Amino acid sequence: MAFDYDLYVIGGGSGGVRAARMAAATGARVALAEESRMGGTCVIRGCVPKKLMVFASSFRELPAQARAYGWDIPEGHFDWQAFRTRLNGELDRLEGVYRRLLDSSGVEIHDARARLIGPHEVALADGRRFSAKHILIATGGRPERPDLPGAGHGLVSDDVFNFERLPERILIVGGGFIACEMACILQGLGVRVTQFYRGAQILRGFDEEARGLIAEAIRARGINLRLGTDIAAIGPKGSFADGMDVPAAEMQLGLGRATIGAGPFTVQSTTGELCDVDQVLFATGRRPNTEGLGLEELGVGIGRRGEILVDDYSQTAVPSVYAIGDVTNRVNLTPVAIREGMAFVQTVFHGQPTPVDHDLIPAAVFTQPELGAVGLTEEAAREQGPIEVYAASFRPMRSAFAGGDGRVLMKLIVCSDTRRVLGCHIVAPEAGEMIQLAAIAVKMGATKEDFDRTCAVHPTMAEELVTMRNPVRKF
Ligand code: NDP
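Position numbers for residues start from 1 in each chain and track the written sequence from start to end. Local features in this predicted model are restricted to residues whose pLDDT is 70 or higher, and side-chain atom pairs enter the listing and the counts only when it is 80 or higher, whereas totals over whole chains, interfaces and linings include all residues. Working from all heavy atoms in the structure, the side-chain values ignore hydrogens and water.

## Describing the overall build of the protein chain
A run of DSSP states H or I qualifies as a helix once it reaches four residues; a run of E qualifies as a strand once it reaches two. Both are numbered from the N-terminal end. Each helix and strand counted, the protein chain has 15 helices and 23 strands in total. For the radius of gyration, the atoms used are the C-alpha atoms, and the globule rule reads 2.2 Å times the number of residues raised to 0.38. Relative to the globule expectation of 23 Å for 475 residues, the C-alpha radius of gyration of the protein chain, 24 Å, shows essentially globular dimensions. Projected onto the principal axes, the alpha-carbon positions of the protein chain cover approximately 70 × 65 × 45 Å. Within the span of the protein chain, comprising 475 residues, buried residues form 50% of the whole. Only protein chains enter the area calculation, which uses a 1.4 Å probe; residues under 20% of their type maximum are buried, those over 50% are exposed, and those in between are partly exposed.

## A word on the pairing of strand S1 (residues 5-10)
In terms of residue burial, S1 counts as a mostly covered element, since 6 of its 6 residues are buried. We call two strands paired when DSSP finds no fewer than two bridges between them. Where S1 lies against strand S6 (residues 129-137), 5 bridges are found, and the strand directions are parallel. Paired with Leu 7 across the strands is His 134, a residue of S6. Sheet topology note: the S1/strand S2 (residues 30-33) ladder contains 4 bridges and is parallel. The residue bridging Ile 10 from the neighbouring strand is Ala 33, located in S2.

## Brief notes about the packing of aromatic side chains
Stacked, tilted and edge-to-face are the three classes applied to pairs of Phe, Tyr and Trp rings, where Trp contributes its six-membered ring and a pair requires centres within 6.5 Å; stacked means planes under 30 degrees apart, edge-to-face means over 60, and tilted covers the rest. Scanning all chains against the criterion turns up 10 aromatic pairs. Three or more aromatic residues link up through ring pairs in this structure, and these residues are Phe 78, Trp 80, Phe 83 and Phe 163. Against the face of Phe 475 rests Arg 382, its NZ or CZ located 4.2 Å from the ring centre. Directly above the ring of Tyr 390 sits Lys 448, whose terminal nitrogen or CZ lies 4.3 Å from the centroid. In this analysis the charged atom, NZ for Lys or CZ for Arg, is taken to sit over a ring once it is within 6 Å of the ring centre and within 35 degrees of the ring normal.

## Some details on the pattern of salt bridges
A pairing counts as a salt bridge when a side-chain nitrogen of Lys or Arg comes within 4 Å of a carboxyl oxygen of Asp or Glu. The tally for this structure, following the rule as stated, stands at 30 salt bridges. In this structure, the salt-bridge partner of Arg 113 is Glu 35, at a minimum N-O distance of 3.1 Å. With a gap of 78 residues between them, Arg 113 in the loop between strand S3 (108-110) and strand S4 (114-118) and Glu 35 in the loop between S2 and helix H2 (40-45) connect regions that are remote in the sequence. Classification of Arg 113 by relative accessible area gives partly exposed; the value is 34%. The residue Asp 452 makes a salt bridge to Lys 448 at a minimum N-O spacing of 2.6 Å. Of this pair, Asp 452 and Lys 448 both sit in helix H15 (residues 448-452), 4 residues apart, which is roughly one turn of that helix. In this structure Asp 452 comes out as partly exposed when scored by relative accessible area, which is 24%. Beyond isolated ion pairs, a larger network of salt bridges with shared partners links Asp 207, Glu 209, Glu 378, Arg 382, Lys 411 and Arg 473.

## Concerning the sheet that holds strand S19 (residues 370-375)
Pairing is antiparallel in the open sheet, where 6 strands are placed in the order S18-S19-S22-S21-S20-S23. Across the chains shown, the open sheet's two edge strands, defined by having one partner strand only, are strand S18 (363-365) and strand S23 (473-474). Looking at chain direction, S19 and strand S22 (residues 421-428) are connected through 6 bridges and run antiparallel. Bridge assignment links Gly 375 to a residue of S22, and that residue is Gly 423. Across the sheet, helix H8 (residues 208-220) is in contact with S19, strand S20 (387-394), strand S21 (408-415), S22 and S23; its angle to S21 comes to roughly 170°. Residue contacts are defined here by distance: any two heavy atoms, one from each residue, within 4.5 Å place the two residues in contact. Simply put, an axis is a line fit to the C-alpha atoms, just over the touching stretch for a helix, and the angle between two N-to-C directions goes from 0 to 180 degrees.

## Overview of the confidence of the model for the protein chain
Every residue gets a pLDDT, meaning the predictor's confidence in that residue, from 0 to 100. Taken as a whole, the protein chain shows an average pLDDT of 95; of its residues, 96% reach a score of 70 or greater. Below pLDDT 50 for its whole length, residues 251-257 participates in 18 contacts with residues either more than four positions away or in separate chains.

## A short note on the sheet that holds strand S13 (residues 265-269)
In space, the 3 strands of this open sheet follow the order S12-S13-S14, with antiparallel pairing throughout. Looking at which strands have only one partner, the edges of the open sheet turn out to be strand S12 (231-236) and strand S14 (274-277). Here the average twist between neighbouring strands, direction ignored, is 25°. Two strands pair when backbone bridges link them, and S13 and S14 are joined in this way by 4 bridges, in the antiparallel orientation. Bridging across to S14, Thr 266 finds its partner in Asp 276.

## Quick look at unusual backbone geometry
Pro 369 follows Gln 368 through a cis peptide bond whose omega is 5°. Following the sequence through the fold, Pro 369 ends up in the loop between S18 and S19. Look at the link from His 458 to Pro 459: it is a cis peptide, with omega at -5°. Checked against the element boundaries, Pro 459 lands in the loop between H15 and S23. Here Leu 203, not a glycine, exhibits a phi torsion of approximately 60°, which is positive. By the secondary structure assignment, Leu 203 is in the loop between strand S10 (192-197) and H8. Although it is not a glycine, Arg 419 sits at a positive phi angle of roughly 70°. If you trace the backbone, Arg 419 turns up in the loop between S21 and S22.

## Focus: the nonpolar core
Nine residue types can take part in a nonpolar core, namely buried Ala, Val, Leu, Ile, Met, Phe, Trp, Tyr and Cys, and a core is a set of them joined through side-chain atoms within 4.5 Å. Within the largest apolar cluster, 45 residues are counted, with the highest numbers of intra-cluster contacts made by Met 53, Ile 172, Leu 186 and Ile 202. Those elements that place two or more of their residues in this core are helix H3 (47-58), helix H5 (80-104), strand S9 (169-173), helix H7 (177-188), S10, H8, S18 and S19. Once residues lying within four places of it in the same chain are set aside, the contact partners of Met 53 are Trp 80, Phe 83, Val 160, Phe 161, Ile 185, Leu 186 and Leu 189. Listed in part, the 26 residues of the second largest apolar core include Met 38, Cys 42, Tyr 98 and Leu 102.

## Some words on the site of the ligand
Here a residue is considered near a molecule or strand provided that any single heavy atom belonging to it is located within 4 Å of it. Close to the ligand lie 20 residues; Ile 178, Tyr 197, Arg 204, Asn 332 and Ala 364 are nearest. In this structure, Gly 285 approaches the ligand through a main-chain N or O atom, which is 3.1 Å from an oxygen atom. Surface accessibility follows the Shrake-Rupley procedure with a 1.4 Å probe radius. Residue values consider only the protein chains on display as shielding. Relative to its unbound accessible surface of 910 Å², the ligand loses 76% to contact with the protein. The element best represented in the shell around the ligand is H7, accounting for 3 residues. Among the residues making up the shell around the ligand, the classes are represented as 8 nonpolar, 6 polar and 6 charged. Identification of polar contacts relies on pairs of N or O atoms within 3.5 Å, with a donor-acceptor requirement for protein atoms, meaning one able to donate a hydrogen and the other able to accept it, and with residues adjacent in sequence counted only if both atoms are side-chain atoms. Each residue gets one of three labels, nonpolar for Ala, Val, Leu, Ile, Met, Phe, Trp, Tyr, Cys and Pro, charged for Asp, Glu, Lys and Arg, and polar for the others, Gly among them.

In structure tokens, the structure reads:
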């Protein structure tokens, strides 16, 4: 049977775009459908604008630090509108780059929503239909609000980049990547931030010592971090007073789309407190975009979280249909989606079956300071056998000189038997940059002695990683 294309990609995010380009480079005829802006979550409403906001917010402490170093610098004022205009300009530019990359690779772009109507057939919202030998779903995910009264009043991370003006007070709900990063960013931009996290410590899954240090730093910045506290309901300001319940109409608001700028609100916490804020931001996780794609009708397996079920080669239960990235809810990170896309192309278009290697993926949380991690946490490693823990926590030179008492952490988890470094955990400014390099050594299987025979770079924070002589704990 003759197909219109060799590959039809649904979703123009990091994973979909890379797979489309790499497949087209093999001479395949490729089309890609995107219903929104090219670049997806990472470029348009995730990593990229977030990191630019991290940079914007990090200038807040610079004048004071600079003055301690002898500079005559006055306190500044942050202009959100000016920043947002530049931010939007940058996102437009990047979207253009993505489009040109696809164009120059020979990928046909369809600016429309697509859904599957057969194992080899897609239908676009504009009525067009196409056939393809292979279909790749890379539709990503979206933020999810919890189901509680008045939840529709709350914003999600997508909305933050569209603020007309910054709120004076915000409540951030959640203790994961987005909640912690946004708490630091918004506080740095001058917003009064309260953060509710339902568990005992933020950043579940990361090394406990590192989590503790980040929580300490978050509080030291002035963020009102409330652990063991969740949100029970949101209503317009004044709701819930004298035991008054949330108005019935508000209950209906449920999970609808938020109206930006509609505050102030009164929030009721699970601990029974009331607090008034201008905005509530839910950073309570993301959900794969699988609805309305015609997947279940076709026999593509869908998991409990709404994710597409795939095998090691990203193939679904329908042999011509593959899926990569956040829509498969494996490891929801841009570089992982890209690697899954490349492995898919290697498997299908180069005839070399290539499973995706999900082992030892480094990650960074762009809080201030940052948290970088690769490999096992101390807690997970303890379960696996005898380990030694090497850790150094200290006040870094740059901020200590200026009177800051913030601490950094350099930590290695070492297997007592093989001497391999099983995990590396860094809390420090630029920990994201550092962990990228440490991850190479850890991925190569470096031992503690390999670290030790590497000469230190002095004076740096990271030199501690190669100068820690004695374990602080053994298990
Ligand atoms: P996470 O899964 O990281 O965190 C979700 C948080 O919300 C957790 O603290 C969770 O608590 C809490 N939560 C979940 N459901 C509820 C609920 N019903 N009520 C109250 N709290 C709730 O999700 P994020 O939204 O922060 O980020 C999504 C993903 O995006 C990340 O996992 C990551 O893969 C990716 N990401 C990566 C970044 C990076 O690389 N720097 C930056 C941003 C996002 P609990 O721990 O108790 O489950």
